[in-house]
Structures are given as C-alpha cells and as structure tokens.
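As a plain string of letters, each chain reads:
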Amino acid sequence: MIPADYETVTVSRSRVSMIAGRRHSEPVEPVGEIGVLVAPVTRERQLETGRTTLVSGYDLYRRGHAVLDMREGDLVDVRGETMTITEAPMQWKRGERVIGWQWHCERREDQ
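Residues numbered from 1 in each chain as written. Predicted model: local features only at pLDDT ≥ 70, side-chain atom pairs only at ≥ 80, totals over all residues. Heavy atoms only, no water.

**Some words on the overall build of the protein chain**
Check the secondary structure of the protein chain and you find zero helices and nine strands. Along the chain direction, N to C, the helices and strands of the protein chain fall in the order β-β-β-β-β-β-β-β-β. Seen through its principal axes, the protein chain has C-alpha atoms that stretch 45 × 35 × 30 Å. Burial analysis of the protein chain (111 residues in total) assigns 29% to the buried set. Residue pairs at least 24 apart in sequence account for 48% of intrachain contacts in the protein chain once pairs closer than 6 positions are excluded. Accessible area of the protein chain: about 7700 Å², with a carbon and sulfur share of 48%. With 16 positive and 18 negative side-chain charges, the protein chain shows a separation of 3 Å between the mean positions of the two kinds. (Helix = DSSP H or I, 4+ residues; strand = E, 2+ residues; numbered from the N terminus. Buried < 20%, exposed > 50% of the residue type's maximum accessible area, 1.4 Å probe, protein only. Contact = heavy atoms within 4.5 Å. Areas by Shrake-Rupley, 256 points an atom, 1.4 Å probe, with all protein chains shown as cover. Lys, Arg positive; Asp, Glu negative; His and termini not counted. Charge placed at Lys NZ, Arg CZ, Asp CG, Glu CD.)

Now the structure itself:
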C-alpha cells in the first residue's frame, strides 16, 4: 500500500556498454513504479570550468525499505517530467536500523 502523501514515480534504466571504444546505449527498459515523497529543490553546482550554475530537480524520499533498486543514472518520471538520478541513494539510519531512503534527480541537460 502506498501512503496517501506519497506520489507514484516510474523508474526506467538504459544499459550502456562499450563497443570498439565507444559508448553504446541500449533502449530504455522499465524497472517499475515506487511511491515516494517528492520535494522540489534547487542547488548550486560548480562546473569543471569553475563556473557556478543553478540546477533544479527533486529530492525523493521513502520511509522504510527501498522496494525498488534505483541507481545513479536511472531515469525517473516525476510529475510529468523525465529526470535523471544524479547521486547515489542515501540511507537514513537510526542505530543499525534503516529508517528511510533519499534520491536526488535533476532535469537532463540539453543533448
């Protein structure tokens, strides 16, 4: 059961392999759906050139266990937008017990 304050997001993943020294992306495959709390966020990011820019996206929170394997680089459909998870998931712990998870996703840059 998904609590009433959770929003359902869809997670998909594209496998990337190296062929003859070039990155090759396979078609996007759905991983599943998960209920999470969604919070809009804007962060400052320093680019390799030293310039600082603002990036916007969402932080996704889930209490208890992560019922879906969400990884950095996965695509997430949040509130009608496709975003990319840009950081490894963070675990929240109380002692040795996991009490929640957090993911950060951002709008994709223009390709």
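**Digging into the pattern of salt bridges**
In a structure, side chains of opposite charge can pair up when their charged atoms sit close to one another. Scanning the entire structure with this criterion turns up eight salt bridges. Between R63 and D5 there is a salt bridge; the shortest N-O distance is 3.5 Å. Here R63, found in strand β5 (residues 52-63), pairs with D5, found in the segment before β1 (7-13); they are 58 residues apart in sequence, far enough to count as distant. The exposure class assigned to R63 is partly exposed, which follows from its relative accessible area of 44%. (Salt bridge = Lys/Arg side-chain N within 4 Å of Asp/Glu carboxyl O.)

**Points about the packing of aromatic side chains**
Across all of its chains, the model carries two aromatic pairs by this definition. A ring pair is formed by Y61 and W92, whose centres lie 5.5 Å apart and whose planes are at 40°; its orientation type is tilted. One end of the pair, Y61, is in strand β5; the other, W92, is in strand β8 (residues 90-94), and 31 residues separate them in sequence. A residue is classified by how much of its surface remains accessible, and W92, at 37% relative accessible area, is partly exposed. Taking 6.3 Å as the distance between ring centres and 15° as the angle between the ring planes, the aromatic pair formed by W101 and W103 counts as stacked. Like W103, W101 is buried. (Phe/Tyr/Trp six-rings, centres within 6.5 Å; stacked < 30°, edge-to-face > 60°.)

**Brief notes about the nonpolar core**
Ranked by size, the top nonpolar core spans 16 residues in total, and within it I34, L60, M70, V78 and W103 carry the most contacts. Listing elements by their share of this core, those giving two or more residues are β1, β4 (29-46), β5, β6 (75-78), β7 (81-85) and β9 (97-107). Apart from the residues lying within four places of it in its own chain, the contact partners of M70 are V11, R13, I34, L60, V76, I85, P89 and W103. (Core = buried A, V, L, I, M, F, W, Y, C linked by side-chain atoms within 4.5 Å.)

**Thoughts on the pairing of β9**
Bridge count for β5 against β9 is seven bridges, and the pairing is antiparallel. Each residue of the ladder has a partner; that of R63, found in β9, is G100. In this sheet, β9 lies alongside β8 in antiparallel orientation, the contact comprising five bridges. Opposite K93, over in β9, you have V98 as the bridge partner. (Pairing = 2+ DSSP bridges.)

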